[in-house]
Amino acid sequence: MGQDTFSFLLLSGPLCGIIMVLGGILLLYKGAITLSGAAEDALSVEFRKELRITTQYPALGIFVIGLLFVAIPAILGRPSETQPFTIKAKTVDVDEPVSLRLIAGGWNQNLKHSGQIIETHHPYVDTLQIVVTAPGYRPLTRTIQLSALDNGTADLGEIRLEQTISRDLISSKIAPVPDHVQLDDINASGSFGGAQ
Amino acid sequence: MKPLLRIVLLCLICVTAFPAQSSQPQATVMGQLLTGGSSQPAPGLVVSLVHPQFGRSVPTSSDVYGRFTFFGIPMNRVPYYLEVYWGNQLVYRNTIYVSGDHVNLPPIFL
């Protein structure tokens, strides 16, 4: 099923539900159905002989079914959560602080259009690149597949980085910030842009 | 003006305002870190762009050639501060202007 078909079905469910509820209200208003004209066991729903819901007002059924049309697509259309995982590694002979960058794989879609791009994507993160960096060391890249992890742990084993420059080759050149300019601290989380 | 019409107009303004914000022109910023004395590439250094209005960018680190790239940086007349860290230690800061859609910085000698 294409993404557009799935999106259409997800949208059409709530639309039907809203039409049912509004239609029910209209029928109640016109008097075609009533809540007061109760019949004994007018609407009964039974699930495996354990759960049984009975109402004497069948008009309520329209509203319940209508609301189900809205609720079920909302649950089904919820983006799936990626499970957390653990990265395990041991650095050897690295004297500087080590940091990790995780880069998700790309998604390609063959587009057939005439100038206009409207595509719905449901990103699925499975392949990840882990870039191990330390200042002055050649970065090391490992690729993992989340679906193939053992107990949710990516064990990278021993990591040896090759040092290319040392700290004493770097001199500080820090331009002062004017008093009226307030800059975020280094620990502030990134709020814009992307990096590669 | 009727209250209902007022609410509808307010909703329309809200709906049209958000896409305008997201379609702000954005730029790619590229650069390279080299050591001052021997012009060797400086890999593994953390690079950030900091702006008084937008805050701090998602950080990146220089690759084996000392290169770094930012994308999706909002163009703005107010300059950004490019900061380079050796671990947690700030070693370089300077202003850069992001006015074109592709900013290729001259090599930065540390």
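Fair warning: this is a prediction, and the values are worked out from it, not measured in the lab. (Residues numbered from 1 in each chain as written. Chains lettered and ligands numbered in written order. Predicted model: local features only at pLDDT ≥ 70, side-chain atom pairs only at ≥ 80, totals over all residues. Heavy atoms only, no water.)

Colleague: What is the right way to read the overall build of chain B from this model?
Modeller: For chain B, the helix and strand inventory stands at one helix and nine strands. Beginning at the N terminus, the succession of helices and strands in chain B can be written as α-β-β-β-β-β-β-β-β-β. Across chain B, contacts joining residues at least 24 apart in sequence account for 58% of those joining residues at least 6 apart. Accessible area of chain B: about 5800 Å², with a carbon and sulfur share of 63%. (Helix = DSSP H or I, 4+ residues; strand = E, 2+ residues; numbered from the N terminus. Contact = heavy atoms within 4.5 Å. Areas by Shrake-Rupley, 256 points an atom, 1.4 Å probe, with all protein chains shown as cover.)

Colleague: Hey, could you run me through the packing of aromatic side chains in this one?
Modeller: How two aromatic rings sit relative to each other is given by the distance of their centres and the angle of their planes. Summed over the entire model, instances satisfying the criterion amount to four aromatic pairs over all chains. With a centroid separation of 6.2 Å and 40 degrees between ring planes, the pair formed by Phe 54 of chain B and Tyr 80 of chain B is classed as tilted. Taken as a pair, Phe 54 of chain B in the loop between strand S2 (46-51) and strand S3 (55-56) and Tyr 80 of chain B in strand S6 (residues 76-86) lie far apart in primary sequence, 26 residues in all. Aromatic side chains Phe 68 of chain B and Phe 70 of chain B sit 6.0 Å apart centroid to centroid with 65 degrees between the ring planes, which places their arrangement in the edge-to-face category. As far as burial versus exposure is concerned, Phe 68 of chain B and Phe 70 of chain B are alike and both buried. Linked through ring pairs, Phe 192 of chain A together with Phe 54 and Tyr 80 of chain B together constitute an aromatic cluster. Arg 167 of chain A extends its terminal NZ or CZ atom over the ring of Trp 86 of chain B, reaching a point 5.9 Å from the ring centre. (Phe/Tyr/Trp six-rings, centres within 6.5 Å; stacked < 30°, edge-to-face > 60°. Buried < 20%, exposed > 50% of the residue type's maximum accessible area, 1.4 Å probe, protein only. Lys NZ or Arg CZ within 6 Å of the ring centre and 35° of its normal.)

Colleague: What exactly am I supposed to notice about the sheet that holds strand S4 (residues 99-104) of chain A here?
Modeller: In any sheet, the strands associate via hydrogen bonds between backbone groups, in a parallel or an antiparallel arrangement. Residues and elements named next belong to chain A. Spatial ordering of the open sheet is given by S4-S5-S6, a layout of three strands whose pairing is antiparallel. Each having just a single partner strand, S4 and strand S6 (140-145) make up the two edges of the open sheet. Strand-to-strand twist in this sheet, taken as the mean axis angle between neighbours without regard to direction, amounts to 25 degrees. With six bridges connecting them, strand S5 (residues 127-133) and S6 associate as antiparallel partners. Within S6, the residue paired with Ile 130 across the bridge is Arg 142. (Pairing = 2+ DSSP bridges. Axes fitted to C-alpha atoms, helices over the stretch in contact; angles between N-to-C directions.)

Colleague: Please clarify how the environment of Asp 155 of chain A should be interpreted in this entry.
Modeller: Residue and element names in this part refer to chain A. You can see Asp 155 is positioned in strand S7 (residues 153-160). In this structure Asp 155 comes out as exposed when scored by relative accessible area, which is 54%. Along the primary structure Asp 155 and Lys 90 are separated by 65 residues, whereas in three dimensions their C-alpha atoms are 9.3 Å apart. Among the polar contacts made by the side chain of Asp 155, one reaches the main-chain amide nitrogen of Gly 157 at a distance of 3.1 Å. (Polar contact = N/O pair within 3.5 Å; in protein donor to acceptor, adjacent residues only side chain to side chain.)

Colleague: I'm lost on the pattern of salt bridges in this one. Help?
Modeller: Opposite charge on two side chains lets them pair, provided their charged atoms get close. Across all of its chains, the model carries six salt bridges over all chains by this definition. Linking Glu 83 of chain B and Arg 56 of chain B is a salt bridge whose minimum nitrogen-to-oxygen distance equals 3.0 Å. Of this pair, Glu 83 of chain B sits in strand S6 while Arg 56 of chain B is found in strand S3, placing the two residues 27 residues apart along the sequence. Under the relative-accessibility criterion, Arg 56 of chain B is labelled buried at 2%. Among the salt bridges present, the one from Glu 83 of chain B reaches Arg 93 of chain B, with a minimum N-O distance of 3.0 Å. With Glu 83 of chain B in strand S6 and Arg 93 of chain B in strand S7 (residues 89-98), this pair connects stretches of sequence that are 10 residues apart. Arg 93 of chain B carries the same exposure label as Glu 83 of chain B, and that label is buried. Each of Asp 93, Glu 158 and Arg 160 of chain A takes part in one network of salt bridges that share partners. (Salt bridge = Lys/Arg side-chain N within 4 Å of Asp/Glu carboxyl O.)

Colleague: Could you clarify how one ought to interpret the interface of chain A and chain B in this entry?
Modeller: When the parts come together, some accessible area is lost, and that loss is often what is quoted as the size of the interface. Taken residue by residue, the interface counts 39 residues in chain A and 44 residues in chain B. Across the chain A to chain B interface the summed buried area is about 3400 Å²; carbon plus sulfur atoms make up 62%. Counting the surface chain A buries against chain B, the share from its top three residues, Lys 173, Ile 186 and Phe 192 of chain A, is 20%. Between chain A and chain B we count 11 residue pairs in polar contact (both at pLDDT 80 or more) in total. For the side of chain A that touches chain B, the secondary-structure elements that each account for two or more residues are strand S8 (173-174) and strand S9 (194-195) of chain A. (Buried area = accessible area lost by both parts, 1.4 Å probe.)

Read these as geometric descriptors, not functional statements.
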